[in-house]
Amino acid sequence: DNLLEMDAKEAMHRELGDKMKACMESAGGNDTKVEACKTTMVKEGLKQATLGKTDWEPSATDIDMALKKAAEKKAEEIAKDCQGARDACMEKLKEEAAKAMGKKKEDLTDVDVELLNKKGAMDAAKAAAEACFEAKKDGADATCEDPFEKFMEGRKEEAPKDAAERDALEKKMKVEFAKDMQKDAMSSCFEKDSKAAADTCLANLNDQLAGAAGTLFDNVEAADVQKKMKRVKEEASREVVGELFHVCMKAATSEVEEETCKADMTKKAAVAGLTEDADDVAMRYRGKSVADSVTACNATKRAECESQVKEELKQAGMKDREFGMVKKLAAVKAAAETWASCKENATNTDETCVTLASAELASVSGAADGWDDKAEEVKKLGEALLNGITTVLRKLEKVDVDAGTSGSNCSDAELAAVKTKLEAGAQAFAAANLSDATVDLRGCSLVDSKAQYMASVLAKGLNATQMALLADKLAEVLDGTDLAARRLGRRLAVVTDAYADQAVQECAENDATCGVTT
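Just so you know, the residues in each chain are numbered from 1, in the order the chain's sequence is written. Only residues with pLDDT of 70 or above have their local features reported here, since the model is predicted, and side-chain atom pairs are shown and tallied only from 80 upward, although totals for entire chains, interfaces and linings are computed over all residues. Excluded from the side-chain calculation are hydrogens and water; included are all heavy atoms of the structure.

1. Some points on the overall build of the protein
To keep it simple, the criterion reads: Each helix corresponds to a stretch of at least 4 residues labelled H or I by DSSP, and each strand to a stretch of at least 2 residues labelled E; elements are numbered beginning at the N terminus. Every radius of gyration here is taken over C-alpha atoms, with the globule rule written as 2.2 Å times N^0.38, N being the number of residues. Any residue under 20% of the maximum accessible area for its type is buried, any over 50% is exposed, and the rest in between are partly exposed; the area is computed with a 1.4 Å probe on protein chains only. Contact between two residues is taken to exist if any of their heavy atoms lie within 4.5 Å; hydrogens are not considered.
Across its full length, the protein holds 17 helices and 4 strands. The globule rule puts the C-alpha radius of gyration for 518 residues at 24 Å, and the 24 Å found for the protein is close to it. C-alpha extents for the protein along the principal axes are approximately 70 × 60 × 50 Å. In the protein, which comprises 518 residues, the share counted as buried stands at 51%. Considering only contacts in the protein between residues 6 or more positions apart, those separated by 24 or more positions represent 73%.

Shown next as structure tokens:
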């Protein structure tokens, strides 16, 4: 029974958290004993919970994923039960989650703790929706807890005071709750050996999933619920596969193991019915990770949390230079989700939705002045999300470059210096590969109060390998460059972050005008 399998795994993760806590306390910091907690005990628990796989040997990815889920169950308990001040509850979460994962408390970053708290609060909201579904089987007038209020209680935060902002956030989060329900089911069903078996598994769970989701969207027209659920299922399947790949790559200790992760991801994508290539699935997952991380953190820690999630993604195989494009996709998608949630309320004006979406764009990007450049892109993507239109990632024939600096002011002279550096790097590469390597300057923004210079390098006719090599070269020529004249021995406006990657845009699949190189 598929529901029994899913429930057994959930129970195992909850029990594993308790066992890990006891095991870690008993280990007393002994590295050998701690390792035994994280391997032998976890393997036994996984085998017991995996019905019908008596000869199965859990991999490092299976173990790490189980420990992550165990920590999430601890987060859910604390989100529901902790009645103290937020700081005290977060400190308790940090201690409990670290033990559940077989780590020291100091090993968890601010991002780790905030994301665990958010996941725990989401699980509390999902539990409220599922309990409401069950209660209403006995009577349509049953009284239910509000999932969004349970989420805010779990986060130990107040909902926005502004009515439009609160409504948009509630609508956005209810989509996330529904998506997380789907992810729970897909995580179990995607362990099947074929797409047909996975589809059957999901079909068997559909009544339960649809019923619980129905309580989230009880005031939404049936046609609009269908649009929401289409989007929810598509995004959930990508995120489940992306998360497995991320955990696998983070656990990999050699190139051979990394290649195994990529091969496993391709197989898992086939079972999930994904048509995107592995790189696109990974990029979407990374973008989602960035948006979730920086928005979960307090605004005063935005830059610090961005740095932490960047390091997390690098540990799972992302190149440093690729982070700029991942972050751009994250910011546009987050703003588009807010736009869609705002526009869902027909009484909201465009002005109201622009205010909310531009604030979300700034929150993820760290730049207060990015709306004018991204407004059309955000709105088009937001309309696609609102209407349940499948989106795709389209690669443009150019490399986008972002040079983050130590300077606190934008300067035309420094922008010109960036262009000179890029032209030298592009021309050296172009001699063998490109007929045209035009550098197009896109200006400067203050990102977390530091000047960031932006440019694009035309790269028509390059294949994926050549595009990556060009991006490597452009990041290399900028990294550490002093863009300003030296004064009294001090270096001014040094490039501290050199990002370069093939430009990518998320588009509605039926929009032929989106993702076109200009």
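2. Topic: the sheet that holds strand β2 (residues 439-447)
This is how the line gets drawn: The criterion for strand pairing is that DSSP finds at least two bridges linking the strands in question. For helices, the fitted axis covers only the stretch in contact; all axes are lines through C-alpha atoms, and the angles between them, taken along N-to-C directions, range from 0 to 180 degrees.
Taken together, the 4 strands give an open sheet; going across it, the order is β2-β3-β1-β4, and neighbouring strands pair in antiparallel fashion. Strands with a single pairing partner mark the edges of an open sheet, and in this sheet they are β2 and β4 (495-508). Each neighbouring strand pair of the sheet contributes to a mean axis angle of 30 degrees, computed without reference to strand direction. Note that β2 and strand β3 (residues 450-458) share 8 bridges and pair antiparallel. Considered in β3, the bridge of V447 is made with K450. Against the sheet, helix α17 (residues 464-478) touches β1 (391-405), β3 and β4, its axis set at about 15 degrees to β1.

3. A word on the state of the cysteines
The line we're drawing: Defined by distance alone, a disulfide is two cysteine sulfur atoms within 2.5 Å.
Counted according to the given criterion, the structure contains 9 disulfides. Each sulfur of the disulfide joining C248 and C261 lies 2.0 Å from the other. For the disulfide bridge between C248 and C261, the dihedral angle about the S-S bond is near -85 degrees, and by the sign convention the bridge is left-handed. In this pair, C248 is assigned in helix α9 (residues 222-251) and C261 in helix α10 (residues 255-272), connecting sequence segments 13 residues apart. One exposure class covers both C248 and C261, and it is buried.

4. Brief notes about the environment of A8
As for its placement among the helices and strands, A8 is situated in helix α1 (residues 2-27). Exposure remark for A8: the relative accessible area of 24% places this residue in the partly exposed category.

5. Digging into the packing of helix α14 (residues 350-365) against helix α15 (residues 371-386)
Put simply, the rule is: Reported orientations rely on four angle classes, namely roughly parallel under 35 degrees, roughly antiparallel over 145, roughly perpendicular from 65 to 115, and oblique for the rest. Handedness of each helix crossing follows the sense of rotation of the near helix against the far helix: counterclockwise by less than a right angle gives left-handed, clockwise gives right-handed. Classes in brief: Ala, Val, Leu, Ile, Met, Phe, Trp, Tyr, Cys and Pro nonpolar; Asp, Glu, Lys and Arg charged; the others, Gly included, polar.
Remark: α14 packs on α15, axes separated minimally by 11 Å, with the N-to-C direction vectors making an angle of 110 degrees. Classified by the interaxial angle, the pair formed by α14 and α15 is roughly perpendicular. Relative to α15, the crossing made by α14 is right-handed. Residues V354, A357, S358 and L361 of α14 form the contact with α15, whose participating residues are W371, K374, V378 and K379. Grouping the amino acids of the contact of α14 with α15 by side-chain chemistry returns 5 nonpolar, 1 polar and 2 charged.

6. Things to note about the environment of K319
Cut-off, in case you're wondering: Pairs of N or O atoms within 3.5 Å make up the polar contacts considered here, provided that, within protein, one atom can donate a hydrogen while the other can accept it, and that residues adjacent in sequence are counted only when both atoms are side-chain atoms.
Relative to the helices and strands, K319 resides in the loop between α12 (302-315) and α13 (323-343). Under the relative-accessibility criterion, K319 is labelled partly exposed at 38%. Separated by 27 residues in the primary sequence, K319 and A346 place their C-alpha atoms 42 Å from one another. Engagement of the side chain of K319 in a polar contact is seen with the side chain of D472, the distance being 3.5 Å.

7. Describing the packing of helix α3 (residues 60-81) against helix α4 (residues 86-101)
As a packed pair, α3 and α4 sit with axes 8 Å apart at the nearest point and diverge in direction by 150 degrees. By the angle between their axes, α3 is roughly antiparallel relative to α4. When you trace α3 past α4, the crossing you get is right-handed. On α4, the residues that touch L67, K68, A70, A71, K74, A75 and I78 of α3 are C89, K92, L93, E96, A97, A100 and M101. When the residues that make up the contact of α3 with α4 are grouped by side-chain class, the tally is 10 nonpolar, no polar and 4 charged.

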